[in-house]
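Residue-level listing of the chains:
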Amino acid sequence: MRQAIRKYRRYASLAFQETIAYRIPYAVNMISIIVTYLVIFLIWMAVFSGKSEVGGYQWAEMKTYLIISLFMSALISGSSEFRISRQIRTGNIAVELLRPADYQLGSLAITLGNCLSEGALVGVACLGFALATGPGVLPPDAVSWAAFALACAIAFATKFLLVYVFSLACFWTNSLMGISWLRKGLTDFFSGALIPLSFFPLWLKGAADWLPFKSIVWVPASAFTGRLAGVELARALAVGAAWAVALWFIARFVWSRAMRKVTIQGG
Amino acid sequence: MRPLRTVKLFFRFLAQNTKIKLEYKLDSLILFVAGAAMQTLGFLFLTVLFSKIPSIAGWTEWEIIFMLSAIFISEGLVSFAFEGAWQITFLVNTGELDRMLLRPVSPILQILTFTMGIHGIGNMALGAVLFSASLAHVHIAWTAARVVFIPLFIVSACVIRTAISFAANCSAFWLKASSNAFPLMVYQLADFAKYPTSIFGKAIEAFVIFVVPYAFISYIPAVWLFDKAWWGVFAWASPLVALWLALLARAVFYRGLKAYDGSGS
């Protein structure tokens, strides 16, 4: 067990160093996220101009929501899908299969390493942005802070597993592009990254409630602003955790199916 | 003779590329679905947003959907026909470009038609649906000029988009890196043209009018069609902007070729 932990810690620390060494792809990814959010942020600002509240939100809360949303999106980047799909398409996955390590755990460790190295920078950027744009809201008490931290952990697991499962689809296709767009589009919309889920009409909210995506932005951001609290928050966290566990096994299942299908092209 | 030959070759290349793509049935299907789904989600975003507010900065829901659908149509057409612009980095790095330079056909045509984007069809289909739906909902004081203007601005928008993406991708000639994210960043600026650009502030508005003129693919034409401001009449400059950008992109490409020295393999 201890040895296993050491092994995956090594994966994570290598990924940590890699992000620091290869700054450009990371920076570009960040800029693209920031442009997306700048557009959304300015639209919301225009929506709120001259109004004290929209859909039950005041600007301070909406602003905080959007900044936490940016934080969550930037913190857990989807960059592992490029690595996984490249390994599948080039056949380098064969090397991974030879390693005395579990591919899913290894990928998790790598994503965690990336997340830790990017996290500090993203956190500072979001904090700076928050301070520059006027007052927001903070979690009211220690319990809310703890709930937010827990929600972040669940968000991490959910996003990693979704990216992982979608990437495994490359075993059946020849390119990542469509898969990646679909994942990103569904995540951005159903996680509440662009628009809080409480704005959704009932039928759409019903769908979003049962999908796993909401754990990625809506739950942590609403826990932070205090909109989700008490029993409701506990329920959301429980559902999110259940989804994460389910996704873990779905990923295992997809992987085992893929292993029966994989053909490595000789080179 | 030569323009005619170029057009004929263009359609030949397009047909061949389409056949290649359709060989990969699952990939094509996913891309088609992804293209349409992304646009549906963009539309849903606006619908949800407008369920709580009547207008943004004086623009109604269907006016913005009109802008968005115009964007989908030009985006779809460009991905469908000229997706090859995005392959310049690959062509330069692998030296594949050498082969194109030896052929007696314009290298620009060969690059633009090097591949086609099947997702463009999904974008166009959804764009067309939303476009006709929005025409039924918005108020436009129809005149002959406005009727003529619509196809004119959509064609100009396609040229503007293609020229900007092509020129941005030409940066690969100088960067000589294995991947090039600069064009993607430029491409993303079109997000500012999906909505009434004035809401983003004067600096961004000026930037997408004068520096990277994405404002001409949807915002300024919409200002004219809906009669939002006197300067909407500058929308008629779209074809000129398109021509200017096309010439500029061509010049950038030939400057880039001078910096190109093959991949050495």
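Before going into details, it helps to say that this report is about the structure given with it. (Residues numbered from 1 in each chain as written. Chains lettered and ligands numbered in written order. Predicted model: local features only at pLDDT ≥ 70, side-chain atom pairs only at ≥ 80, totals over all residues. Heavy atoms only, no water.)

Structural notes on the overall build of chain B
- If you tally the helices and strands in chain B, you get 13 helices and two strands.
- Taking 2.2 N^0.38 as the reference for a compact globule, 265 residues should give roughly 18 Å; the C-alpha atoms of chain B span a radius of gyration of 19 Å, in line with that estimate.
- Across its three principal axes, chain B shows a C-alpha extent of roughly 60 × 40 × 40 Å.
- A burial count over chain B gives 52% of its 265 residues as buried.
- If you sum the accessible surface of chain B, you get close to 12,300 Å²; carbon and sulfur atoms cover 70% of it.
- One finds the centroid of the 19 positive side-chain charges in chain B at a distance of 9 Å from the centroid of its 12 negative side-chain charges. (Helix = DSSP H or I, 4+ residues; strand = E, 2+ residues; numbered from the N terminus. Rg over C-alpha atoms; globule rule 2.2 N^0.38 Å. Buried < 20%, exposed > 50% of the residue type's maximum accessible area, 1.4 Å probe, protein only. Areas by Shrake-Rupley, 256 points an atom, 1.4 Å probe, with all protein chains shown as cover. Lys, Arg positive; Asp, Glu negative; His and termini not counted. Charge placed at Lys NZ, Arg CZ, Asp CG, Glu CD.)

A word on the layout of surface pockets
Residues and elements named next belong to chain B.
- If you add up the space inside the second largest pocket, you get close to 590 Å³.
- Along the wall of the second largest pocket there are 19 residues; nearest its centre are Ile 108, Leu 112, Val 159, Thr 162 and Ala 246.
- Partitioned by chemical class, the residues of the lining of the second largest pocket number 14 nonpolar, three polar and two charged. (1 Å grid on protein atoms, 1.4 Å probe; cavity = no way out; pocket = protein on both sides within 12 Å on 5 of 7 lines; lining within 4 Å. Points joined across faces, edges and corners; volume = space filled by probe spheres on them. Nonpolar A, V, L, I, M, F, W, Y, C, P; charged D, E, K, R; others polar.)

What about the nonpolar core?
- Ranked by size, the top nonpolar core spans 155 residues in total, and within it Trp44(A) and Phe166(B) carry the most contacts.
- Of the residues forming this core, the biggest block, 14 residues, is contributed by helix H2 (residues 23–48) of chain A.
- Not counting chain neighbours up to four residues away, the residues in contact with Trp44(A) comprise Trp59(A), Met62(A), Leu66(A), Leu194(A), Ile195(A), Pro196(A), Phe199(A) and Leu49(B).
- Core analysis: the next-biggest nonpolar cluster, separate from the first, contains nine residues, Phe10(B), Leu14(B), Leu109(B) and Ile118(B) among them. (Core = buried A, V, L, I, M, F, W, Y, C linked by side-chain atoms within 4.5 Å. Contact = heavy atoms within 4.5 Å.)

A closer look at the pattern of salt bridges
- Taken as a whole and judged by the stated rule, the model has 10 salt bridges over all chains.
- As a salt-bridge pair, Glu81(A) and Arg183(A) come within 3.0 Å of each other at their nearest N and O atoms. Within this pair, whereas Glu81(A) is found in helix H4 (residues 80–90), its partner Arg183(A) is found in helix H8 (residues 177–190), the two being separated by 102 residues in sequence. Arg183(A) shares its class with Glu81(A); the two are buried.
- With a shortest N-O distance of 2.9 Å, Lys228(B) and Glu63(B) are connected by a salt bridge. Highlighted residues: Lys228(B) in the loop between helix H12 (219–225) and helix H13 (238–259) and Glu63(B) in helix H3 (residues 61–82), separated in sequence by 165 residues.
- Accessibility expressed as a relative area gives 9% for Glu63(B), which makes it buried. (Salt bridge = Lys/Arg side-chain N within 4 Å of Asp/Glu carboxyl O.)

Quick word on helix H3 (residues 59–75) of chain A
- Here H3(A) is 17 residues long and its end C-alpha atoms lie 24 Å apart, about the 24 Å a rise of 1.5 Å per residue gives.
- The buried fraction of H3(A) is high, at 15 of 17 residues. (Expected span 1.5 Å × (residues − 1).)

Re the interface of chain A and chain B
- In this complex, chain A contributes 36 residues to the contact, which on the side of chain B involves 29 residues.
- A combined buried area of about 2,900 Å² lies between chain A and chain B, and 84% of that area is made up of carbon and sulfur atoms.
- Summed over the three residues of chain A that lose the most area to chain B, namely Ile43(A), Trp181(A) and Phe189(A), the buried surface amounts to 19% of that side.
- In this structure, the connection of chain A to chain B is made through zero salt bridges.
- Summed over the shared surface of chain A and chain B, the number is one residue pair in polar contact (both at pLDDT 80 or more).
- Counting only elements with at least two residues in the side of chain A that touches chain B, the list comes to H2, H8 and helix H9 (202–210) of chain A.
- Residue composition of the side of chain A that touches chain B, grouped by class: 27 nonpolar, eight polar and one charged. (Buried area = accessible area lost by both parts, 1.4 Å probe. Polar contact = N/O pair within 3.5 Å; in protein donor to acceptor, adjacent residues only side chain to side chain.)

Treat this as a map of the structure, not an account of what it does.
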